[in-house]
Amino acid sequence: LIACNLGLGITMINLALSPTTLRLYGWHKWIGITVFLTAAARLAWRRAHPPPPSPAMPAWQRRAAAATHVALYVLMLAIPLSGWVLSSATGVSVVYLGLVPLPDLVAKDKALAAVLTATHGTLNFALLALVIVHVGAALRHGLVDRDGILPRMLPFLRRA
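For the structure given in this document, a descriptive report is provided here.

Thresholds applied
- Residues numbered from 1 in each chain as written.
- Predicted model: local features only at pLDDT ≥ 70, side-chain atom pairs only at ≥ 80, totals over all residues.
- Heavy atoms only, no water.
- Helix = DSSP H or I, 4+ residues; strand = E, 2+ residues; numbered from the N terminus.
- Buried < 20%, exposed > 50% of the residue type's maximum accessible area, 1.4 Å probe, protein only.
- 1 Å grid on protein atoms, 1.4 Å probe; cavity = no way out; pocket = protein on both sides within 12 Å on 5 of 7 lines; lining within 4 Å.
- Points joined across faces, edges and corners; volume = space filled by probe spheres on them.
- Nonpolar A, V, L, I, M, F, W, Y, C, P; charged D, E, K, R; others polar.
- Patch = residues over 30% accessible without salt bridge, like charges linked within 9 Å, V, L, I, M, F, W, Y side chains within 5 Å.
- Areas by Shrake-Rupley, 256 points an atom, 1.4 Å probe, with all protein chains shown as cover.
- Salt bridge = Lys/Arg side-chain N within 4 Å of Asp/Glu carboxyl O.
- Axes fitted to C-alpha atoms, helices over the stretch in contact; angles between N-to-C directions.
- Parallel < 35°, antiparallel > 145°, perpendicular 65-115°, else oblique.
- Left-handed = near helix turned anticlockwise from the far one by under 90°.
- Contact = heavy atoms within 4.5 Å.
- Core = buried A, V, L, I, M, F, W, Y, C linked by side-chain atoms within 4.5 Å.
- Lys, Arg positive; Asp, Glu negative; His and termini not counted.

1. Regarding the overall build of the protein chain
Next, step 1: For the protein chain, the count of helices and strands is 5 helices and 2 strands.
Next, step 2: Secondary structure elements of the protein chain occur, N-terminal to C-terminal, as α-α-α-β-β-α-α.
Next, step 3: With respect to the three principal axes, the spread of C-alpha positions in the protein chain is 50 × 35 × 30 Å.
Next, step 4: Expressed as a percentage of its 160 residues, the buried residues of the protein chain come to 28%.

Take a look at the structure:
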């Protein structure tokens, strides 16, 4: 959903205003709210079901992994919220799935909308960079270190 929404967001901002563009913005908002709800549910589930202990690895790697996970979840929550606030600031309400109207979080404000546009984009590219780093670290664990971290993240790689 996140990759799809990033691609959709990058595509739609360059389109001329049309019914199709407005439909894409609606889908973008729906996907963003779904990501927010899914991330919040995942955090709640993880709180009730802690992961097993990590395999042995250097302390700096454990700290880096923990910081990365925190940052990923913060961004998965902050990006949809920034988009929702941005929609409010532009005066366009969010109606989730075309059925559930969400309240405007701020009053219409053109100057705030400009700042939020930059903020929303920056947060998205920060998430993209973090995902690239995370995937690179996972591949290093799986292909170079062969320390069992990658199969721990991707259960389909575990041997019976």
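Past the structure itself, the notes keep going.
2. As for the layout of surface pockets
Next, step 1: Estimated volume of the largest pocket: approximately 1400 Å³.
Next, step 2: At the level of secondary structure, the elements contributing two or more residues to the lining of the largest pocket comprise α1 (2-12), α2 (19-48), α3 (59-90), α4 (110-145) and α5 (149-153).
Next, step 3: If you tally residues by element for the lining of the largest pocket, the top one is α4, at 12 residues.
Next, step 4: Its residues assigned to classes, the lining of the largest pocket shows 26 nonpolar, 8 polar and 7 charged.

3. Observations regarding a nonpolar patch on the surface
Next, step 1: Together, Val131, Val135, Leu139, Leu143 and Val144 line one region of the surface with nonpolar side chains, adding up to about 440 Å² of accessible area.
Next, step 2: The topology assignment puts Val131 in helix α4.
Next, step 3: Given a relative accessible area of 34%, Val131 falls into the partly exposed group.

4. Quick notes on the packing of α1 against α2
Next, step 1: One can describe the packing of α1 onto α2 by two numbers: an axis separation of 10 Å at closest approach and a directional angle of 150°. If you check the angle between α1 and α2, you find them roughly antiparallel. Our pair here, α1 against α2, has a crossing hand that is left-handed. Residues Ile2, Cys4, Asn5, Leu8, Gly9 and Met12 of α1 form the contact with α2, whose participating residues are Thr21, Leu24, Tyr25, Trp27, His28, Ile31, Gly32 and Val35.
Next, step 2: Class assignment of the residues belonging to the contact of α1 with α2 gives a composition of 9 nonpolar, 5 polar and no charged.

5. Some thoughts on the pattern of salt bridges
Next, step 1: Scanning the model with the defined rule gives 1 salt bridge in all.
Next, step 2: In this structure, Arg140 engages Asp145 in a salt bridge whose closest nitrogen and oxygen atoms are separated by 2.8 Å.

6. Let's talk about the nonpolar core
Generally speaking, nonpolar side chains in soluble globular proteins are found buried as a group.
Next, step 1: Leu8, Met12, Leu24, Ile31, Val35, Ala39, Leu72, Leu75, Met76, Ile79, Leu127 and Leu130 form the largest nonpolar core, which has 12 residues in total.
Next, step 2: Of all the secondary structure elements, the ones that give two or more residues to this core are α1, α2, α3 and α4.
Next, step 3: Setting aside chain neighbours within four positions, we find Ala39 in contact with Tyr73, Met76 and Leu77.

7. As for the side chain of Lys29
Next, step 1: Note that Lys29 resides in helix α2.
Next, step 2: There is no salt bridge for the buried Lys29, and the closest opposite charge comes from Asp104, which lies 8.4 Å off by N-O distance.
Next, step 3: With near-sequence residues (within four places) excluded, Lys29 lies in contact with Ser87, Val92, Ser93 and Val94.

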